[in-house]
Amino acid sequence: QVQLVESGGGLVQAGGSLRLSCAASGNIFSINVMGWYRQAPGKQRELVAVITSGVYTNYADSVKGRFTISRDNAKNTAYLQMNSLKPEDTAVYYCHAGVVGTRWGPMYDYWGQGTQVTVSS
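Everything in this summary refers to the structure shown in the same document. (Residues numbered from 1 in each chain as written. Predicted model: local features only at pLDDT ≥ 70, side-chain atom pairs only at ≥ 80, totals over all residues. Heavy atoms only, no water.)

**Re the nonpolar core**
So the rule is basically this: Grouping buried Ala, Val, Leu, Ile, Met, Phe, Trp, Tyr and Cys residues that are joined through side-chain atoms within 4.5 Å yields what is termed a nonpolar core. With a 1.4 Å probe rolled over the protein chains alone, any residue whose accessible area is under 20% of its type maximum counts as buried; one over 50% counts as exposed, and the rest are partly exposed. What counts as a helix is a DSSP run of H or I of at least four residues, what counts as a strand is a run of E of at least two, and both are numbered from the N terminus. By the convention used here, residues are in contact when the closest approach between their heavy atoms is within 4.5 Å.
Ranked by internal contacts, the top residues of the largest apolar core, which has 31 residues, are Trp36, Leu80, Met82 and Tyr93. At the level of elements, strand 1 (2-7), strand 3 (18-26), strand 4 (30-39), strand 5 (46-52), strand 7 (67-72), strand 8 (77-82), strand 9 (91-100) and strand 11 (115-120) are the ones that each hand at least two residues to this core. Top element by residues in this core is strand 9. It accounts for 5 residues. Not counting residues within four places of it along the chain, the set of residues in contact with Met82 comprises Gly16, Ser17, Leu18, Leu20, Arg66, Phe67, Tyr93 and Val117.

So, in structure tokens, the structure goes:
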């Protein structure tokens, strides 16, 4: 089993910054992909950013140029640096990890519990 623990959410004024962290622990051989998703009230969960075990990254158009995803493979931790925050960024942010538990095993999806990000105007 794998646990994802998120931290770093909170309340910030528009134009401000926050940094989210997601630490994975448990039965981990490798983490193929880590990512951040968000869900605003009344809306579906959407992709914010993903990063593979290499250097490939992908961002939602709405956050390109403002958010940066990174990871520390030695710590099994992903980060989301969020700058120039807007009220429309307000949502619960969820961490996702695609984890392989053994050398030749399959990849399983895991989710964090979510952290609230609120941007006031």
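**Points about the state of the cysteines**
Here is the idea: a disulfide is a covalent bond, and it sits between the sulfur atoms of two cysteines. So the rule is basically this: Pairs of cysteine sulfur atoms within 2.5 Å are identified as disulfides in what follows.
A complete count under the given rule lists 1 disulfide for this structure. A sulfur-sulfur separation of 2.0 Å characterises the disulfide bridge that pairs Cys22 with Cys95. Across the S-S bond linking Cys22 and Cys95, the dihedral sits near -80 degrees, which makes this disulfide left-handed. Taken together, the positions of Cys22 in strand 3 and Cys95 in strand 9 put the pair 73 residues apart, joining distant regions of the chain. Residue Cys22 shares its accessibility class with Cys95, and that shared class is buried.

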